[in-house]
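What the coordinates show
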Amino acid sequence: MRTAGRHFLQIPGPSTVPDRILRAIDMPTIDHRGPAFAAVGKRALDGMKTIFKTDSYVFIYPASGTGAWEAALVNALSPGDKVLMYETGHFATLWCELAERVGLQPELIESDWRAGADPDRIEERLRADKANDIKAVCVVHNETSTGSVSPVSAIRRAIDAAGHPALFMVDTISSLASIDYRHDDWGVDITVGGSQKGLMLPPGLSFNAVSEKAMAASKKATTSISYWSWDAMVGPNKNGYFPYTPATNMLYGLNEAIDMLNEEGLENVFARHTRHGEATRTAVRAWDLEVLCNRQGHESGVLTAVMMPDGHSADAFRAKTLAHFDLSLGNGLSKIADKVFRIGHLGDFNDLTLMAALSGVEMGLDLAGVPYRAGGAQAAMNQLKDTATAKTAE
Ligand SMILES: *Cc1c(COP(=O)(O)O)cnc(C)c1O
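1. Comments concerning the side chain of Ser300
Considering the arrangement of structural elements, one finds Ser300 in the loop between strand E11 (290-291) and strand E12 (303-307). Look at Ser300 and you get buried, because its relative accessible area is 2%. Of note is the side chain of Ser300, whose polar atom sits 2.7 Å from the side chain of Asn142. Looking at Ser300, its side chain comes within polar contact range of the main-chain nitrogen of Leu303, at 3.4 Å.

So this is what it looks like as structure tokens:
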């Protein structure tokens, strides 16, 4: 049966792809070695530097975010290298498992999945590493499974305070172009990004932003690599080309996305996400439910993970919102499966998109028989109204 109206894809990635980007992608695929392609490739590579806020290298892979995770590790490190990772949630755990599979020795700082990474614990571990055996510190900026944000610049200061030479790697797959991020200013060596979240594109592109220090480390690294090699990219990238066939149509979309972000202004994009996160948490508290992130200042503007009352299934509730209102909410992953649901409020998203999502959640709670207090959507509406600003002339 046909479902009228648009689908509400309120999961924390993939996010809804705006029409402008879909139209930009809807172009003939051209010769990626021909003269017309150079401008497309150059624009994408230069444009992504403004998004990562770096003057250093940016590499674009025709791969999901997982590919760029692997690229970061295998370019910069050698078999058996120790890496310090922080268990912010499911995605940090997956990156750690990947590190092990590619022959590294990851050490995971454990946590309860309710906050971002704690710089003090990282500093303490690095201070204890007198022999500098740890070659990299890896942190997830926005932990998409929990809705907690790690304080990246404070972690940089912690690494410096410990006087430790490890490379600093950050996963921004779900924070890039949604939450303030500064590759150069914050002294990050490798930033990993993906296309299908804040960048508003379909899945299929991912990124490494790379410092000079990480590039120098890659020259000495001995992991066998081919497809992911930064070295193979540098030469062709200088003129806007790639060593193998790039995702040409996705690059058209990427260039449109970068234009859209710059037209709105990155600072405005970040403020919009922050404000929608705040309104969502207001709704959750008014429903008398609990936000999973319990560390003040770490709450995410990209998504909010909500804890289900004991004895109630988050997945049964999500099935109701999908069946009745065509609203997709994010599920709980691994150890919090069926215990939380996630509301994505990222990408091409405005006040009324948020209100549609929160209304759907409130109606779904009722239909699923979950105990809650009515009025969460109303509370969010009041907050949005009180903080609204005109975006065009009145
Ligand atoms: C989505 C996501 C990933 C995985 O990316 P894929 O594109 O699914 O490979 C990794 N880390 C974070 C923080 C994510 O949000």
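2. Points about the nonpolar core
Met48, Met169, Leu199 and Leu254 are the most contacted members of the largest nonpolar core, which has 66 residues in total. Counting contributing residues per domain, this core is built from domain 1 (8-14 + 266-393) and domain 2 (19-262), each supplying no fewer than three. Apart from residues lying up to four places away in sequence, Met48 is in contact with Val58, Leu176, Leu199, Phe207, Leu254 and Ile258. In terms of nonpolar packing, the next biggest core, distinct from the first, is built from 26 residues, Ala279, Trp287, Phe317 and Leu365 among them.

3. Quick notes on the site of the ligand
Around the ligand, a shell composed of 13 residues is seen, among which Ser64, Thr66, Thr144, Asp171 and Lys197 lie nearest. One of the side-chain nitrogen or oxygen atoms of Thr66 is found 2.5 Å away from an oxygen atom of the ligand. Separating a nitrogen atom of the ligand from a side-chain N or O atom of Asp171 is a distance of 2.7 Å. Here the ligand has 380 Å² of accessible area as a free molecule, and 88% of this is covered by the chains. In terms of residue count, the dominant contributor to the shell around the ligand is helix H3 (residues 65-76) (3 residues). Considered class by class, the residues forming the shell around the ligand number 4 nonpolar, 7 polar and 2 charged.

4. Observations regarding the sheet that holds strand E4 (residues 105-109)
Spatially, the 7 strands line up as an open sheet ordered E2-E10-E9-E8-E5-E3-E4, and their pairing is mixed. Looking at which strands have only one partner, the edges of the open sheet turn out to be strand E2 (57-61) and E4. Taken over all neighbouring pairs, the strand axes of this sheet differ in orientation by 20 degrees on average, direction set aside. Two strands pair when backbone bridges link them, and E2 and strand E10 (residues 206-210) are joined in this way by 5 bridges, in the antiparallel orientation. By the bridge assignment for E10, Phe59 is matched with Asn208. With respect to the sheet, H3 is in contact with E2, strand E5 (134-140), strand E8 (167-171), strand E9 (190-194) and E10, its orientation differing from that of E9 by roughly 160 degrees.

5. A word on the packing of helix H2 (residues 35-52) against helix H9 (residues 248-264)
Between H2 and H9, the shortest axis-to-axis distance is 9 Å and the interhelical angle comes to 45 degrees. Between H2 and H9, the angle falls in the class oblique. Considering how the two elements wind past one another, H2 and H9 form a crossing that is left-handed. In this structure, H2 contributes Phe37, Val40, Arg43, Ala44, Gly47, Met48, Thr50 and Ile51 to the contact, and H9 contributes Thr248, Leu251, Tyr252, Leu254, Asn255, Ile258, Asp259, Leu261 and Asn262. Taken together, the residues of the contact of H2 with H9 break down into 10 nonpolar, 5 polar and 2 charged.

Parameters and conventions
Residues numbered from 1 in each chain as written. Predicted model: local features only at pLDDT ≥ 70, side-chain atom pairs only at ≥ 80, totals over all residues. Heavy atoms only, no water. Helix = DSSP H or I, 4+ residues; strand = E, 2+ residues; numbered from the N terminus. Buried < 20%, exposed > 50% of the residue type's maximum accessible area, 1.4 Å probe, protein only. Polar contact = N/O pair within 3.5 Å; in protein donor to acceptor, adjacent residues only side chain to side chain. Core = buried A, V, L, I, M, F, W, Y, C linked by side-chain atoms within 4.5 Å. Domains from an automatic or database assignment. Contact = heavy atoms within 4.5 Å. Near = heavy atom within 4 Å. Areas by Shrake-Rupley, 256 points an atom, 1.4 Å probe, with all protein chains shown as cover. Nonpolar A, V, L, I, M, F, W, Y, C, P; charged D, E, K, R; others polar. Pairing = 2+ DSSP bridges. Axes fitted to C-alpha atoms, helices over the stretch in contact; angles between N-to-C directions. Parallel < 35°, antiparallel > 145°, perpendicular 65-115°, else oblique. Left-handed = near helix turned anticlockwise from the far one by under 90°.

Nothing here speaks to function; it is geometry throughout.
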